[in-house]
Amino acid sequence: LTGQADEIFSMGMSGIKIHPRMQGISCTDESLSPLFRHLNDRSATVMIDGYYQTSRREVALSDLTPFAYDRLAGAYPDIRFIMAHMGAHRAFDLYFTAKSHANVYIDSSHALKYFQSTSLEKDFLWIMDKLDEKVIYGSDFPEYGLAEYRSHFEAMAATNPDIRTGLIYDNIKKLVDFGEDREGR
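What you are looking at is a predicted structure, and each value in this text was computed from that prediction instead of being measured.

A word on the environment of Y51
On the secondary structure map, Y51 appears in the loop between strand 2 (45–48) and helix 4 (66–75). The buried category is assigned to Y51, whose relative accessible area is 8%. The spacing of Y51 and A102 is 51 residues in sequence and 21 Å in space, taken between C-alpha atoms. Apart from residues lying up to four places away in sequence, Y51 is in contact with R21, L64, A84, H85, A88, H110, Y114 and F115.

With respect to helix 5 (residues 91–100)
Those residues of helix 5 not exposed but buried are A91, D93, L94, Y95, T97 and A98. Elements in contact with the buried residues of helix 5: helix 4, strand 3 (80–83), strand 4 (104–107) and helix 7 (119–130).

Brief notes about the packing of aromatic side chains
In this structure the tally under the stated criterion is 12 aromatic pairs. Ring geometry for F36 versus F81: centroids 6.4 Å apart, planes at 45°, classification tilted. Residue F36 is located in helix 3 (residues 33–41), and its partner F81 is located in strand 3; the two are separated by 45 residues in the primary sequence. Seen from their ring centres, Y114 and F115 are 5.0 Å apart, and the 85° between their planes marks the pair as edge-to-face.

Thoughts on the packing of helix 4 against helix 5
A pair of packed helices is characterised by two quantities: the angle between their axes and the separation of those axes. Relative orientation of the contacting elements helix 4 and helix 5 amounts to 10°, with a least axis distance of 9 Å. The angle between the axes of helix 4 and helix 5 places the two elements in the roughly parallel class. Along this stretch, helix 4 crosses helix 5, giving a crossing that reads as right-handed. Contacts from P66, F67 and D70 in helix 4 reach D93, L94 and T97 in helix 5. Grouping the constituent residues of the contact of helix 4 with helix 5 by class yields three nonpolar, one polar and two charged.

Thoughts on unusual backbone geometry
Leave glycine aside and you will find that most residues have negative phi; peptide bonds, for their part, are mostly trans. Geometrically, the link from F141 to P142 is a cis peptide bond, its omega value of 10° lying close to zero. Following the sequence through the fold, P142 ends up in the loop between strand 5 (135–136) and helix 8 (146–157). Even without a glycine there, the phi angle at H110 is positive, about 70°. Here H110 is to be found in the loop between strand 4 and helix 6 (111–114). Since its relative accessible area comes to 6%, H110 is described here as buried.

Quick notes on the environment of L131
Tracing the backbone shows L131 in the loop between helix 7 and strand 5. With a relative accessible area of 8%, L131 lands in the buried category. The spatial distance from the C-alpha of L131 to the C-alpha of G12 is 29 Å, given a sequence separation of 119 residues. Sequence-distant contacts of L131, defined by excluding residues within four places in its chain, comprise Y95, A98, K99 and I106.

Topic: the side chain of D107
Looking at where D107 falls in the secondary structure, it is placed in strand 4. With no salt bridge to any partner, buried D107 finds its closest opposite charge in K17, at an N-O distance of 7.1 Å. Not counting the four nearest positions on each side in its chain, D107 is found in contact with M47, I82, M83, A84, H85, M86, I136, Y137 and G138.

Thoughts on the environment of F81
The exposure class assigned to F81 is buried, which follows from its relative accessible area of 2%. Along the chain, F81 and S109 lie 28 residues apart, while their C-alpha atoms are 15 Å from each other. Non-local contacts of F81, meaning those with residues more than four positions away in its chain, are made with F36, V46, I48, L72, A73, Y76, N103, V104 and Y105.

Rules and cut-offs
- Residues numbered from 1 in each chain as written.
- Predicted model: local features only at pLDDT ≥ 70, side-chain atom pairs only at ≥ 80, totals over all residues.
- Heavy atoms only, no water.
- Helix = DSSP H or I, 4+ residues; strand = E, 2+ residues; numbered from the N terminus.
- Buried < 20%, exposed > 50% of the residue type's maximum accessible area, 1.4 Å probe, protein only.
- Contact = heavy atoms within 4.5 Å.
- Phe/Tyr/Trp six-rings, centres within 6.5 Å; stacked < 30°, edge-to-face > 60°.
- Axes fitted to C-alpha atoms, helices over the stretch in contact; angles between N-to-C directions.
- Parallel < 35°, antiparallel > 145°, perpendicular 65-115°, else oblique.
- Left-handed = near helix turned anticlockwise from the far one by under 90°.
- Nonpolar A, V, L, I, M, F, W, Y, C, P; charged D, E, K, R; others polar.
- Lys, Arg positive; Asp, Glu negative; His and termini not counted.
- Salt bridge = Lys/Arg side-chain N within 4 Å of Asp/Glu carboxyl O.

Keep in mind that these numbers describe shape and distance, not what the molecule does.
Shown next as structure tokens:
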């Protein structure tokens, strides 16, 4: 796995995504320790799918909770973790995990639209306001169309316009190299 990570970085990518429920792996599995040590040594950005649903027997739901990633963030403080999908129904668990670790960020993809018109929508807005420097806009295309999700996000962000720029632009630029400082771009 460390070789695959190096291959990704050699292509100019800024980070990797781990999708435990699709890949059938648990990030808490000790067999992944060499990979996480390697990523920690590189100060890599790692996005982890943080949705709490799986039909894979090899992945327990308890391994997908924010508290499982709390231990990971503590063990590998130089990895910048982006937890996808705002913690879904465990949004406040992810909020406290991100608040407890400087290296944990929250991605807003999928959750804002999926949980539309539920009590979670209000929770997501509260989290986006309180952790505005650690929440990142994401769409989860093709699950939702890009314009559809952006429009929904804009409507939510309109309740607090001060957070919009950070969530859409500034926060991700802290974690991902877009090549802006490279010659010829």
